[in-house]
Amino acid sequence: MTTTSPHPPAAVDARRWPDVARVPDAHLRARAARALGRHAAARAGVRLRTCADRDPGDGRPVLDLYDERSFYRRLAAGGLIGFGESYMAGEWDSPDLVTLLTRLAEVYEELVPRPLQPLRHITLPRRPASDRNTRRGARRHISHHYDLSNDLFALFLDRTMTYSSALFTDGDPRDPEGLARAQERKIDRLLDGAAVGEGTRLLEIGTGWGELAVRAASRGARVTSVTLSAEQRDLARERVAGAGLSEAVDVQLCDYRDVEGTYDAVISVEMVEAVGERYWPAYVEALDRLVRPGGRVGLQSITMEHQLMRASRGSYTWMHKYVFPGGLIPSVTAIEEQLVERSSLAITDRRAFGTDYADTLRVWRESFTDSAGRVRDLGFDETFARMWFFYLAYCEAGFRSRIIDVEQIILERS
């Protein structure tokens, strides 16, 4: 599986990307970072290839270093944030970025020598107060990602405009049309699990671009869908109207904490990851308050192993800084704890399908790469293109290494 990344930026726009344009002054620590980088490469079975060494290789994943000094200074100053920023700056690359990142993820806990591992909590960046998902913060964080441009997302999503994991079968080709069918299957499974049909009063928390609301209304449900993204709301309303379902679907710009009423079913797809640990209680209490007794809740969530979640809960990562501010991937254990403590909801069904998310991301990444010229036409520069490519490859590697998973979870209120 070979990957092709966008070309390195000719020059980084310092106004738009100040921390990518500026190489940290970390000369003394860079020597230690070089030693740690070589240790990590050896543990992962990764080959570090410099400009003076362009040997075709020996089958190991390759990391091509184009600017060693800057690469190690960024690692020294920012750890994995520096690793990602160095990629954005074009200081390193790989002929197969997904395989490289997958290998690193598989041995993540061994990349730092064991005696130094306790120091990670001291040396790595911690989350700033601005990362909290207050009502104002949540709207800012959602806008940061989802209000980039509907046209940008349309370049790499399938015709359903669904931005979450699909559910494949063996007969689905891993291409945009196969992905579209797998997305419809994913949505239908959630709707079935939540018993959505004729006359169901359904609340959707996190609209996306409207596909789930359209499919639910096509079953005869009356749908209220809430989002914090103005761009998503506007396009979702257009798509609902285009399907002739405006009377059955109400798309609102509204925080989940402010929704009123009671519904037969509530569905929320890959929304809880954006809530943040501090607000998990409010989210679960909202689910419990908004679904009627005997009603069902359908959740789809990215998950991680509980111990890893606890170890990383306070970390501030490249993903927080550039892609998804304010988020934290929960463990199933953490979800269960919140349900027991703060609701009368009980889990009645679960299905994990992380490899399907890896395949979903592969299709997105390939479509994004094929659309490189149109990305530039929309006004996004090469640094953004490299950031987005790295994000998609980084997430795909997470699922391929099984360091993260995705689940559909059906709940029922007693």
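We now turn to the structure provided with this report.

### Examining the overall build of the chain
Item 1. When its secondary structure is counted, the chain shows 18 helices and 10 strands.
Item 2. Judged by the C-alpha coordinates and their principal axes, the chain covers about 70 × 45 × 45 Å.
Item 3. For the chain, the share of sequence-separated contacts (at least 6 apart) that also reach a separation of at least 24 residues comes to 76%.
Item 4. With 57 positive and 60 negative side-chain charges, the chain shows a separation of 5 Å between the mean positions of the two kinds.

### Focus: empty space enclosed by the protein
Item 1. Counting across every chain of the model gives 1 cavity of 30 Å³ or more.
Item 2. For the largest cavity, the calculated volume is near 80 Å³.
Item 3. Taken together, Val272, Trp280, Tyr283, Val284, Leu299, Pro330, Ala334, Ile335, Gln338 and Leu339 make up the lining of the largest cavity.
Item 4. The greatest single-element share of the lining of the largest cavity, amounting to 4 residues, is contributed by helix α15 (residues 332-342).
Item 5. The residue inventory of the lining of the largest cavity, partitioned by class, reads 9 nonpolar, 1 polar and no charged.

### Quick notes on helix α12 (residues 280-290)
Given 3.6 residues per turn, any residue in an α-helix points the same way as the ones three and four places further on.
Item 1. Taking burial as the measure, the 11 residues of α12 include 8 buried ones, the bulk of the element.
Item 2. Of the residues making up α12, those classed as buried are Trp280, Pro281, Tyr283, Val284, Ala286, Leu287, Asp288 and Leu290.

### Considering the sheet that holds strand β2 (residues 62-65)
Strands in a sheet are paired, the pairing made by backbone hydrogen bonds, and the direction either parallel or antiparallel.
Item 1. Spatially, 3 strands are ordered β1-β2-β3 in an open sheet, and the strand pairing comes out mixed. Either end of the sheet is taken by a strand with one partner, and the two such strands are β1 (47-49) and β3 (92-93).

### A few points about the pattern of salt bridges
Item 1. Under the definition given, this model contains 39 salt bridges.
Item 2. Ionic pairing is found between arginine 127 and aspartate 131, a salt bridge with its closest N-O pair at 3.4 Å.
Item 3. Classification of arginine 127 by relative accessible area gives partly exposed; the value is 23%.
Item 4. Residue classification places aspartate 131 among the buried residues on the basis of a relative accessible area of 8%.

### Topic: the nonpolar core
Item 1. Of all hydrophobic cores here, the largest spans 106 residues; its most connected members are Trp92, Tyr163, Trp318 and Trp388.
Item 2. Residues in contact with tryptophan 318, not counting those within four places in the same chain, are Leu80, Ile81, Gly84, Glu85, Met88, Val323, Met387, Phe390 and Tyr391.
Item 3. Counting 23 residues, the second-largest nonpolar core is a separate cluster that includes Leu191, Val223, Leu245 and Val251.

### Looking at the side chain of histidine 320
Item 1. Among the secondary structure elements, histidine 320 is positioned in helix α14 (residues 318-322).
Item 2. Residue histidine 320 is classed as buried on the basis of its relative accessible area of 9%.
Item 3. There is a polar contact of 2.9 Å between the side chain of histidine 320 and the backbone oxygen of glycine 327.
Item 4. If near-sequence neighbours (up to four positions away) are discounted, histidine 320 is found in contact with Arg127, Asp131, Ser315, Pro325, Gly326 and Gly327.

### Focus: the environment of aspartate 64
Item 1. Relative to the elements of secondary structure, aspartate 64 occurs in strand β2.
Item 2. What makes aspartate 64 buried here is its relative accessible area of 5%.
Item 3. Expressed as a C-alpha distance, the spacing of aspartate 64 and arginine 351, which sit 287 residues apart in the sequence, is 39 Å.
Item 4. Setting aside anything within four residues of it in sequence, one finds aspartate 64 in contact with Arg49, Arg54, Glu91, Trp92, Asp93 and Pro95.
Item 5. Here the side chain of aspartate 64 touches arginine 49 through a polar contact of 2.6 Å, side chain to side chain.

### Side note on the pairing of strand β8 (residues 291-304)
Item 1. By the criterion of burial, β8 is predominantly enclosed, with 10 of the 14 residues buried.
Item 2. The pairing of strand β7 (residues 263-269) with β8 spans 6 bridges and is parallel. Of the residues in β8, the one forming a bridge with valine 269 is glutamine 300.
Item 3. Between the parallel pair β7 and β8, the chain is carried across by α12, and the sense of this crossover is right-handed.
Item 4. Bridge analysis of β8 against strand β10 (residues 404-413) gives 9 bridges, and the strand direction is antiparallel. From the neighbouring strand, valine 297 faces β10, where its bridge partner is leucine 411.

### Concerning the sheet that holds strand β5 (residues 222-227)
Item 1. Within the open sheet, the 7 strands sit side by side as β6-β5-β4-β7-β8-β10-β9. Their pairing is mixed. Strands with a single pairing partner mark the edges of an open sheet, and in this sheet they are β6 (249-253) and β9 (345-352). Sheet twist, expressed as the mean angle between neighbouring strand axes with direction ignored, is 15°.
Item 2. As defined by bridge partners, strand β4 (residues 201-205) adjoins β5 across 5 bridges and the pair is classed as parallel. When the bridges of β5 are listed, glutamate 204 appears paired with serine 225.
Item 3. Packing of α15 onto the sheet brings it into contact with β8, β9 and β10, and relative to β9 it is tilted by some 165°.

How each quantity is defined
Sequence positions are assigned chain by chain, starting from 1 and proceeding in written order. In keeping with the model being predicted, local features are shown solely for residues with a pLDDT of at least 70 and side-chain atom pairs are shown and tallied solely at 80 or more, while totals for entire chains, interfaces and linings include all residues. Side-chain metrics in this entry use all non-hydrogen atoms of the structure; hydrogen atoms and water are not considered. Labels follow the DSSP assignment, with helices taken as runs of H or I lasting at least four residues and strands as runs of E lasting at least two, numbered in each case from the N terminus. Working rule for contacts: check all heavy atoms of both residues, and any pair within 4.5 Å makes them a contact. Counting rule applied: Lys, Arg positive; Asp, Glu negative; His and chain ends not counted. For this purpose, a charge sits on NZ of Lys, CZ of Arg, CG of Asp or CD of Glu. A pocket, in this scheme, is an open set of points on a 1 Å grid over the protein atoms alone with protein on both sides within 12 Å along at least 5 of 7 lines, while a cavity is a set where a 1.4 Å probe fits but cannot get out; residues line either one if an atom lies within 4 Å of a point. Grid points are joined across faces, edges and corners, and a volume is the space filled by probe spheres set on the points. Residues are grouped as follows: Ala, Val, Leu, Ile, Met, Phe, Trp, Tyr, Cys and Pro are nonpolar; Asp, Glu, Lys and Arg are charged; every other residue, Gly included, is polar. Here the term buried applies to any residue with accessible area under 20% of the maximum for its type, exposed to any over 50%, and partly exposed to those in between, with areas from a 1.4 Å probe on protein chains only. Two strands are said to pair when DSSP picks up at least two bridges between them. For this analysis, a salt bridge means a side-chain nitrogen from Lys or Arg found within 4 Å of a carboxyl oxygen belonging to Asp or Glu. Remark: nonpolar core denotes a set of buried residues (Ala, Val, Leu, Ile, Met, Phe, Trp, Tyr, Cys) joined through side-chain atoms within 4.5 Å. Polar contacts, as counted here, are pairs of nitrogen or oxygen atoms within 3.5 Å of one another; within protein the pair requires one atom able to donate a hydrogen and one able to accept it, and residues that are adjacent in sequence qualify only if both atoms are side-chain atoms. Handedness rule for crossovers: strands pointing away from the viewer, path from the first strand over the helix to the second running clockwise, crossover right-handed. Only C-alpha atoms enter the line fits that serve as axes; for helices the fit covers just the stretch in contact. Angles between N-to-C directions range over 0 to 180 degrees.

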